[in-house]
Amino acid sequence: MQRQAPSGLMYEFRPVTRADYDMLREWLGQAHVTPVWGPPEHEIALIDAEIDGGDCKMHIVAKDGEAFAFIQDWCPHLAGVPHFTDTAQGTRAVDTFLGAPSFLGQGHAKAYVRQYAQSLLDGGAPEVVTDPRLTNPRGIAMFRGAGFIPGEVRPCEDGELVQNMHFRRS
């Protein structure tokens, strides 16, 4: 899937393969990722459970052929998360992390998330949502910059509070 990003940058999204696990482990161990995502082996186990055809669509993000981030989309209705029960059928939820430290602070996350969310809408999803935890203000700010509008603060499946956010077309 390739589309022109609003910033003029183009990002490539390719499906995650098992050959990516070592790179993902390294990224998940980065100091800017560990406060938000689980331990690397736990996250790799979750990825492995979905890689052969689950609902969750997982991608490696690259710029000019250089892999630097992970993004996934999933159906909140199939996942049974309580904070998205009022979304339209066919809605896709997104989660992401920028793994390569050399790409931090340059606006890449906002741009590739915007491009990815736009492609989900263009592909027929009626809504694109996300749910960063309130303990992740950097994530909330990044999603706002990517075009997500904050909605209600709600408890998620483990009881922690999340900021429901809905993507709006550019």
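Conventions used here
- Residues numbered from 1 in each chain as written.
- Predicted model: local features only at pLDDT ≥ 70, side-chain atom pairs only at ≥ 80, totals over all residues.
- Heavy atoms only, no water.
- Salt bridge = Lys/Arg side-chain N within 4 Å of Asp/Glu carboxyl O.
- Helix = DSSP H or I, 4+ residues; strand = E, 2+ residues; numbered from the N terminus.
- Buried < 20%, exposed > 50% of the residue type's maximum accessible area, 1.4 Å probe, protein only.
- Core = buried A, V, L, I, M, F, W, Y, C linked by side-chain atoms within 4.5 Å.
- Contact = heavy atoms within 4.5 Å.
- Arc of directions from axis to C-beta.
- pLDDT = per-residue confidence, 0-100.
- Polar contact = N/O pair within 3.5 Å; in protein donor to acceptor, adjacent residues only side chain to side chain.

Honestly, the pattern of salt bridges in this entry has me stumped. Any pointers?
One pass over the structure, following the stated rule, counts 12 salt bridges. For Asp48, the salt bridge identified is with Arg18, shortest N-O distance 3.0 Å. You can see Asp48 sitting in helix H2 (residues 40–50) and its partner Arg18 sitting in the loop between strand E2 (10–15) and helix H1 (21–28), a full 30 residues away along the chain. Overall, the relative accessible area of 32% leaves Asp48 in the partly exposed class. Residue Arg18 is classed as partly exposed on the basis of its relative accessible area, which comes to 41%. Among the charged side chains, a network of salt bridges with common partners joins Arg18, Asp48 and Asp52.

Just checking my understanding: could you explain the nonpolar core for this structure?
What tends to happen in soluble globular proteins is that the nonpolar side chains get buried as a cluster. Val16, Leu24, Phe68, Tyr112 and Phe148 are the most contacted members of the largest nonpolar core, which has 47 residues in total. The element that contributes the greatest number of residues to this core is helix H4 (residues 108–122), accounting for eight residues. Filtering out sequence-adjacent residues up to four positions away, Phe68 remains in contact with Tyr11, Trp27, Val61, Ala62, Lys63, Leu98, Gly99, Ala100, Phe103, His108 and Tyr112.

Any chance you could explain H1 here in plain terms?
The periodicity of an α-helix, 3.6 residues per turn, causes residues three or four places apart in sequence to face the same way. Among all positions in H1, only Tyr21, Leu24, Trp27 and Leu28 are buried. The arc enclosing the buried residues of H1, seen along the axis, measures out at 120 degrees, which places them on a common side. Opposite its buried face, H1 presents the exposed residues Asp22 and Glu26, each directed more than 90 degrees away. At its buried positions, H1 is contacted by H2, strand E3 (57–63), strand E4 (66–74) and strand E5 (92–98).

Just checking my understanding: could you explain the environment of Ile60 for this structure?
One can find Ile60 in strand E3. Assessed through its relative accessible area of 1%, Ile60 is described here as buried. The sequence separation of Ile60 and His83 amounts to 23 residues, and the corresponding C-alpha distance is 27 Å.

Is there a simple way to think about the confidence of the model for the protein in this case?
Close inspection of predicted coordinates is inappropriate in any region flagged by low pLDDT. Overall, the prediction assigns the protein a mean pLDDT of 92, with 94% of residues at 70 or greater. Segment residues 1–6: pLDDT under 50, and 21 contacts once partners within four positions in sequence are set aside and those in other chains are kept.

Explanation requested: the side chain of Gln115 in the structure shown.
Relative to the elements of secondary structure, Gln115 occurs in helix H4. Of the residues examined, Gln115 reaches a relative accessible area of 3% and is grouped as buried. From its side chain, Gln115 meets the backbone oxygen of Tyr11 in a polar contact 2.9 Å long.

What am I meant to see in H2 here?
Within the sequence span of H2, burial applies to Glu43, Ile44 and Ile47. The buried residues of H2 all sit within an arc of 100 degrees when viewed along its axis, so they share a single face. Buried residues along H2 sit in contact with H1, E3 and E4.

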